[in-house]
Amino acid sequence: MSPADTGRQLLDADEARVARASRQLTQLAAALVSRPMDRELHARMRAFLERDSEPALASWDVLVARTPDELRQRISTVLTAQAVRRAS
């Protein structure tokens, strides 16, 4: 199992969706800086906006609506799971 797969399993569905969208958008934005008139890049951006944008934004809304107690519990769960994996 790769480190990326291990990290993904620690995340819930909303966390994974937001992380994936953030990575995609960062890559697209960086590419737009160096190749602003690349048609393929524009097509990839449109595809992201049409397919992935709304689900990612909905997941973002779920994450920002978490209470401080929910966030503390989530952090504790992830840190515990990481510690258990390292120990095994």
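For clarity, every value in this text was computed on a predicted model and none was experimentally measured. Each residue is numbered by its place in its chain's sequence as written, counting from 1. Only residues with pLDDT of 70 or above have their local features reported here, since the model is predicted, and side-chain atom pairs are shown and tallied only from 80 upward, although totals for entire chains, interfaces and linings are computed over all residues. Note that water and hydrogens are dropped before the side-chain values are worked out from all heavy atoms of the structure.

Enquirer: With reference to specific residues and values, describe the nonpolar core.
Expert: Within the largest apolar cluster, 6 residues are counted, these being Ala-21, Leu-28, Ala-31, Leu-41, Phe-48 and Ala-56. At the level of secondary structure, the elements contributing two or more residues to this core comprise helix H2 (13-34) and helix H3 (39-51). Only DSSP runs of H or I reaching four residues or more are called helices, and only runs of E reaching two or more are called strands; each is numbered from the N terminus. Among the elements that make up this core, the one with the highest residue count is H2 (3 residues). Not counting residues up to four positions away in its chain, the partners in contact with Ala-56 are Arg-17, Val-18 and Ala-21. In these notes, a set of buried Ala, Val, Leu, Ile, Met, Phe, Trp, Tyr and Cys residues joined through side-chain atoms within 4.5 Å is what counts as a nonpolar core. Throughout this description, buried means an accessible area under 20% of the type-specific maximum (1.4 Å probe, protein chains only), exposed means over 50%, and partly exposed covers the range between. Any two residues whose heavy atoms approach within 4.5 Å at even a single point are treated as in contact.

Enquirer: Could you give an account of the pattern of salt bridges, naming the residues involved and the relevant values?
Expert: A side-chain nitrogen of Lys or Arg and a carboxyl oxygen of Asp or Glu constitute a salt bridge if their distance falls within 4 Å. Per the stated rule, a full pass over the model turns up 8 salt bridges. One salt bridge connects Arg-66 with Asp-12, and the closest N-O pair in it is separated by 2.4 Å. With Arg-66 in the loop between helix H4 (53-64) and helix H5 (68-87) and Asp-12 in the loop between helix H1 (3-10) and H2, the pair connects residues that are 54 residues apart, well separated along the chain. Judged by its relative accessible area of 17%, Arg-66 falls in the buried class. Taking the shortest distance from any N to any O, the salt bridge between Asp-52 and Arg-51 comes out at 2.9 Å. Beyond isolated ion pairs, a larger network of salt bridges with shared partners links Asp-12, Glu-15, Arg-66 and Arg-74.

Enquirer: Kindly report on the side chain of Arg-66, identifying the contributing residues and their values.
Expert: Counting of polar contacts relies on pairs of N or O atoms within 3.5 Å, with two restrictions inside protein: one atom must be capable of donating a hydrogen and the other of accepting it, and residues adjacent in sequence are counted only when both atoms are side-chain atoms. A polar contact of 2.8 Å, which involves the side chain of Arg-66, links it to the side chain of Glu-15. If we ignore the near neighbours within four places in the chain, the residues touching Arg-66 are Asp-12, Glu-15, Leu-71 and Arg-74.

These figures capture arrangement, not role.
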